[in-house]
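# Descriptive analysis of the structure
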Amino acid sequence: MPAGELPKADAVVTRTAGVAVGALAADCAPVLFADAEARVVAAAHAGWRGAVAGIIESTLTAMESIGAERRRIRAAIGPCIGQRSYEVGTEFEAELLSLDPANERHFSRFPLREKPHFDLAGYVASRLAQAGITAVDVADVCTYESESLFSYRRAQHRSEGDYGRQISAIVVT
């Protein structure tokens, strides 16, 4: 990487005290991780593509490489778009079902709506569980429905500008 150029990543891990790491999100799921005993923390941006591609597992592996132990890691999934507001196409549903038929549990069809709706927080939580993380807190806040949080999807539906993000951050003290 050229000098002065910042890396582009969907996750960052540290064990340096006083350095906050964070993830920006507008509807995707920010995920914070901590192994308090090893004093290792991480933040990841987990949209559906990143979650499918393994951002959760890669973050955990990076944490382990600097001393964390998976059995001690706790995770928190921050505000993201809720299932009721996250309408997706049938091709999206088919893609996730082709990867694992058990992914069906993350899709619902609400009355009077034809298209499936995806449970992003539930999917991310299931990836964490599959990776061996047993302590997971999930924020019960939908970015689309909350007027106090920015939602890219809501802004697009209202023909508003792309003017915001939330940051979820964690620090070793």
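Quick caveat, the model's predicted, so the values are computed rather than measured. Numbers given for residues are sequential positions, taken from 1 along each chain in its written order. Per-residue local features are limited, in this predicted model, to residues with pLDDT of at least 70; the limit for side-chain atom pairs, both in listing and counting, is 80 or more; totals at the level of whole chains, interfaces and linings are taken over all residues. The side-chain values count all of the structure's non-hydrogen atoms but skip hydrogen atoms and water molecules.

### Points about the side chain of Arg 72
Tracing the chain through its elements places Arg 72 in the loop between helix H2 (55–65) and strand S5 (74–77). In what follows, a contact means two residues having at least one pair of non-hydrogen atoms within 4.5 Å. Ignoring sequence-local partners within four residues, the contact set of Arg 72 consists of Ala 34, Asp 35, Glu 37, Ala 38 and Gly 67. By definition, any uninterrupted DSSP run of H or I lasting at least four residues is a helix, any uninterrupted run of E lasting at least two residues is a strand, and each is numbered from the N terminus.

### As for the pairing of strand S4 (residues 40–46)
For S4, the buried fraction is high: 6 of the 7 residues fall into the buried class. Pairs of strands are assigned from DSSP output, requiring at least two bridges between the strands. Here strand S1 (residues 11–14) pairs with S4 via 4 bridges, running antiparallel. In the strand pairing of S4, Ala 11 is matched with Ala 44. Of the pairings in the sheet, the one linking strand S3 (residues 29–35) to S4 comprises 7 bridges and is antiparallel in character. Note on S4: the bridge partner recorded for Val 31 is Ala 44. Counting the residues between successive antiparallel strands, the hairpin from S3 to S4 contains 4 residues, one of them, Arg 39, with a positive phi of roughly 60°. Only protein chains enter the calculation, and the probe is 1.4 Å; a residue is then buried if its accessible area is under 20% of its type maximum, exposed if over 50%, and partly exposed in between.

### Regarding the state of the cysteines
We call a pair of cysteine sulfur atoms a disulfide when they lie within 2.5 Å. For the coordinates displayed, the defined rule picks out 0 disulfides. Cys 80 supplies the cysteine sulfur nearest to Cys 28, a cysteine that is in no disulfide, at a spacing of 8.5 Å. Judged by its relative accessible area of 25%, Cys 28 falls in the partly exposed class. In this structure Cys 142 is a free cysteine whose sulfur lies 7.7 Å from that of Cys 80, the closest cysteine sulfur available.

### Remarks on the packing of aromatic side chains
Centre distance within 6.5 Å is the pairing criterion for rings of Phe, Tyr and Trp, where only the six-membered ring of Trp is used; planes under 30 degrees apart are then read as stacked, over 60 as edge-to-face, and the remainder as tilted. Overall, the coordinates contain 7 aromatic pairs when judged by the stated rule. Seen from their ring centres, Trp 48 and Phe 92 are 4.5 Å apart, and the 80° between their planes marks the pair as edge-to-face. One end of the pair, Trp 48, is in helix H1 (residues 48–53); the other, Phe 92, is in helix H3 (residues 90–99), and 44 residues separate them in sequence. The burial state of Trp 48 is the same as that of Phe 92; both residues are buried. Ring geometry for Tyr 86 against Phe 92: centres 6.5 Å apart, planes inclined by 50°, an arrangement best described as tilted. The exposure class assigned to Tyr 86 is buried, which follows from its relative accessible area of 10%. Within the aromatic cluster, the residues linked to one another by ring pairs are Trp 48, Tyr 86, Phe 92, Phe 107, Phe 118 and Tyr 123.

### A short note on the layout of surface pockets
Taken as a whole, the largest pocket encloses approximately 310 Å³ of empty space. Along its surface, the largest pocket is lined by 16 residues, and Asp 27, Cys 28, Trp 48, Arg 49 and Tyr 86 are the ones closest to its centre. When residues of the lining of the largest pocket are traced back to their parent elements, those giving at least two are H1 and helix H5 (152–157). Among the elements that line the lining of the largest pocket, the one with the most residues is H5, at 4 residues. The residue inventory of the lining of the largest pocket, partitioned by class, reads 7 nonpolar, 5 polar and 4 charged. In this analysis a 1.4 Å probe is tested at points of a 1 Å grid over the protein atoms alone, and where it fits but cannot get out there is a cavity; an open set with protein on both sides within 12 Å along at least five of seven lines is a pocket; lining residues have an atom within 4 Å of a point. Grid points are joined across faces, edges and corners, and a volume is the space filled by probe spheres set on the points. Residue classes follow a fixed rule: Ala, Val, Leu, Ile, Met, Phe, Trp, Tyr, Cys and Pro count as nonpolar, while Asp, Glu, Lys and Arg count as charged, and any other residue, Gly among them, counts as polar.

### Brief notes about helix H4 (residues 120–130)
Buried residues dominate H4, accounting for 8 of its 11 residues. Here a polar contact is recorded for every N or O atom pair within 3.5 Å, except that within protein the pair must consist of a potential hydrogen donor and a potential acceptor, and residues adjacent in sequence are included only if both atoms are side-chain atoms. Where H4 begins, one side-chain oxygen reaches toward the backbone nitrogen of Gly 122, 2.9 Å away; that side chain belongs to Asp 119.

### Focus: the nonpolar core
Residues grouped as a nonpolar core are buried Ala, Val, Leu, Ile, Met, Phe, Trp, Tyr and Cys residues, joined through side-chain atoms within 4.5 Å. Among the nonpolar cores identified, the biggest contains 33 residues, and Val 31, Phe 33, Ile 56, Phe 118, Val 124 and Leu 128 are the most heavily contacted of them. Listed by contribution, the elements that provide at least two residues to this core are S3, S4, H1, H2, S5, H3 and H4. Counting residues in each nonpolar core, the second largest holds 7 residues, with Val 21, Ala 23, Ala 43 and Ile 170 among its members.

### Observations regarding the environment of Ile 66
Within the element layout of this structure, Ile 66 appears in the loop between H2 and S5. Along the chain, Ile 66 and Glu 147 lie 81 residues apart, while their C-alpha atoms are 39 Å from each other. Sequence-distant contacts of Ile 66, defined by excluding residues within four places in its chain, comprise Val 13, Thr 14, Arg 15 and Val 40.

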